[in-house]
Amino acid sequence: MRASLASSIAVTCATVLALPVSLAAPAAAAVPSALGLPPSASAQPPAPELPGATQSLPLEPLGGGSDRALGGGADDAGVQGLTRRDVRPFSLVGVVWDDPAAALHGVVQVRTRATGGGVWSEWQDVETHNEEHGADPDTAEGHGRALKGSTAPLWVGDSDGVEIRVRGDEPLPEGLRLELVDPGDAPGQDPPATTTATTAATTATAATTATQATTAAVTAAAWARTTAASLALAGLNAAEAAVSGVNAQLAPYGAAWIPALSKEATEITLPYVPRTQEAMAPPAPEAAPDEAQAADKAQAPDEALAPGEAQAPEQMAAAKPYIGPRPKIITRKGWGADERIREKGFVYTKSIKAAFVHHSATGNNYTCAQAPSVLRSIYRYHVQSSGWRDFGYNFAVDKCGNIYEGRAGGVSKPVLGAHTLGFNTNSMGIAVLGTFSKSAPPTAAVTAVARLTAWKLGLHGVNPKGTSYLVSGGGNLYKKGKKVKFNAIAGHRDGFATECPGVRLYGKLGTARVSSAKYQGRR
């Protein structure tokens, strides 16, 4: 069997390396097909047009008795809103204001009219406490000039009429505006739904897995040498190419999803051996200069091995890392992110020591087919309405258990997010789409959180049932500079006084920790 494996590897390497650079792309395209990978760039359709838009309407004082349902009287002047009106189509609503440091203490309610039906919804509450999401205060994003205060967004579905009322328990912030977000058209290519059968199909014998993993590494090298041709064939613009390029070791340029791997294949294709004890140890007060430099070098995201330098199966087997099988991840291209609206470039942290779980608080009235539209709406609300540099969360999970790439920068890399104010450094944020204060999260979503964390925390040697230390960047629970001990899979409320991720989802995190550890192969 070993001789056969060596022969297969040798033939594959010789075939790819013997090809001229200009011809390597078609050859590489054939290999992913055999491995069950998404089609190569040459098979991708042109980038879809995504003309999403945002209507921003200033709120006005409401007189008469329009605020009585909110608990006010007819003479209460602390109420703003908009009376019923026709608007251009939209699917998500939120409220923003001028000062990001100001809080909206009060009640925000909206009702909407379904497109083409003429039926108005009941009044729906919009979550007003959203300041706990966002970039850390001392980062460039955290004090950007475009930042605004904002409520959580609320998904309402296809609508063309709106009414809103806002009543403050204290003076309302200046510059209140209603944001109506149209997510734009859906991408033309939908990835297949995540199923147990699909996951089971990725499991192979050890020999087959080793062959596939080594072949994938060689294929990745071929993709890297044919970047220009791949981009031209995929129809990617510069911003789309940059986002796709940081995942190029995992999937072809322009791929709509990154395929799942078995645990064995995941271990073999690791770009580096995890540092198993680093995340669990409390941070030292100071490190000697040579130790600090060595740690920084080990943690730097750009230090990952190139595809052609992937470690041999024998080396990886000796390391025996605890890591879960890589799950299928729908890319930003797959859910239709308009890369033109985010800030250019990517920002990284040094490592991933903990995962913070959130609910998006956008409501549960969406179908799994609508999840990409929900993501595009949240993305546009984060960037264009709230003034963030990109989508705030590193990953998102829908009610059917599909996992989505969030903030751009590479799914395997330690991308700095804007999800847990004060603790974005050395952490990742996962948003489960929905509101779980009273509703129980679907089992599929909790399982997806476990599978995702088993893989991503495993890349950094973190035990999902363990604990990690993070240093606060400032918040309402922990002052800046305080070292705080967290569960490796924590809830947003563990780092900030907030209801997020909802009491029902928070109660499932223990289950997620146990399952995640089992996926990693821990007892």
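Details of the structure are given in the entry above.
If you're wondering where the values come from, they're calculated on a predicted model, not measured in any experiment.

*Asks:* It is not clear to me how the overall build of the chain should be interpreted in this structure. Could you clarify?
*Replies:* Scanning the chain from N- to C-terminus turns up 14 helices and 17 strands. A burial count over the chain gives 52% of its 523 residues as buried. Of all intrachain contacts in the chain linking residues separated by at least 6 positions in sequence, the fraction that spans at least 24 positions is 80%. Element-wise, carbon and sulfur atoms account for 55% of the exposed surface of the chain, whose accessible area totals about 21,900 Å².

*Asks:* Looking at this structure, I do not really get the nonpolar core. What am I missing?
*Replies:* Side chains of nonpolar character tend, in soluble globular proteins, to be buried together. In terms of nonpolar packing, the biggest core is built from 32 residues, with Phe-395 and Ile-430 touching the most fellow members. Sorting the residues of this core by element identifies β11 (354-359), β12 (395-397), β14 (427-432), α12 (443-459) and α14 (509-519) as the ones contributing at least two each. Discounting residues that sit within four places of it in the chain, Phe-395 has contacts with Ile-329, Ile-403, Tyr-404, Glu-405, Gly-406, Val-411, Met-428, Gly-429, Ile-430, Ala-431, Leu-452 and Lys-456. Core analysis: the second largest hydrophobic core is formed by 22 residues, Ile-341, Val-374, Tyr-393 and Tyr-404 among them.

*Asks:* Could you clarify how one ought to interpret the environment of Glu-499 in this entry?
*Replies:* If you trace the backbone, Glu-499 turns up in the loop between β17 (489-491) and α13 (503-506). Within the structure, Glu-499 has its side chain in polar contact with the side chain of Ser-437 (distance 3.0 Å).

*Asks:* Can you walk me through the pattern of salt bridges in this structure?
*Replies:* Opposite charge on two side chains lets them pair, provided their charged atoms get close. Within the structure shown, the criterion is met by 12 salt bridges. Note that Glu-163 is salt-bridged to Arg-84, the shortest N-O span being 3.3 Å. Pair noted here: Glu-163 is in strand β7 (residues 154-168) and Arg-84 is in strand β3 (residues 79-97), with a separation of 79 residues, a long-range link. On the accessibility criterion, Glu-163 (14% relative accessible area) is buried. For the salt bridge of Arg-342 with Glu-339, the shortest nitrogen-to-oxygen distance reads 2.7 Å. The same class applies to Arg-342 as to Glu-339, namely buried. Members of the salt-bridge network, linked through shared partners, are Arg-332, Glu-339, Arg-342 and Asp-390.

Rules used in this analysis
- Residues numbered from 1 in each chain as written.
- Predicted model: local features only at pLDDT ≥ 70, side-chain atom pairs only at ≥ 80, totals over all residues.
- Heavy atoms only, no water.
- Helix = DSSP H or I, 4+ residues; strand = E, 2+ residues; numbered from the N terminus.
- Buried < 20%, exposed > 50% of the residue type's maximum accessible area, 1.4 Å probe, protein only.
- Contact = heavy atoms within 4.5 Å.
- Areas by Shrake-Rupley, 256 points an atom, 1.4 Å probe, with all protein chains shown as cover.
- Core = buried A, V, L, I, M, F, W, Y, C linked by side-chain atoms within 4.5 Å.
- Polar contact = N/O pair within 3.5 Å; in protein donor to acceptor, adjacent residues only side chain to side chain.
- Salt bridge = Lys/Arg side-chain N within 4 Å of Asp/Glu carboxyl O.

Keep in mind these values describe shape, not function.
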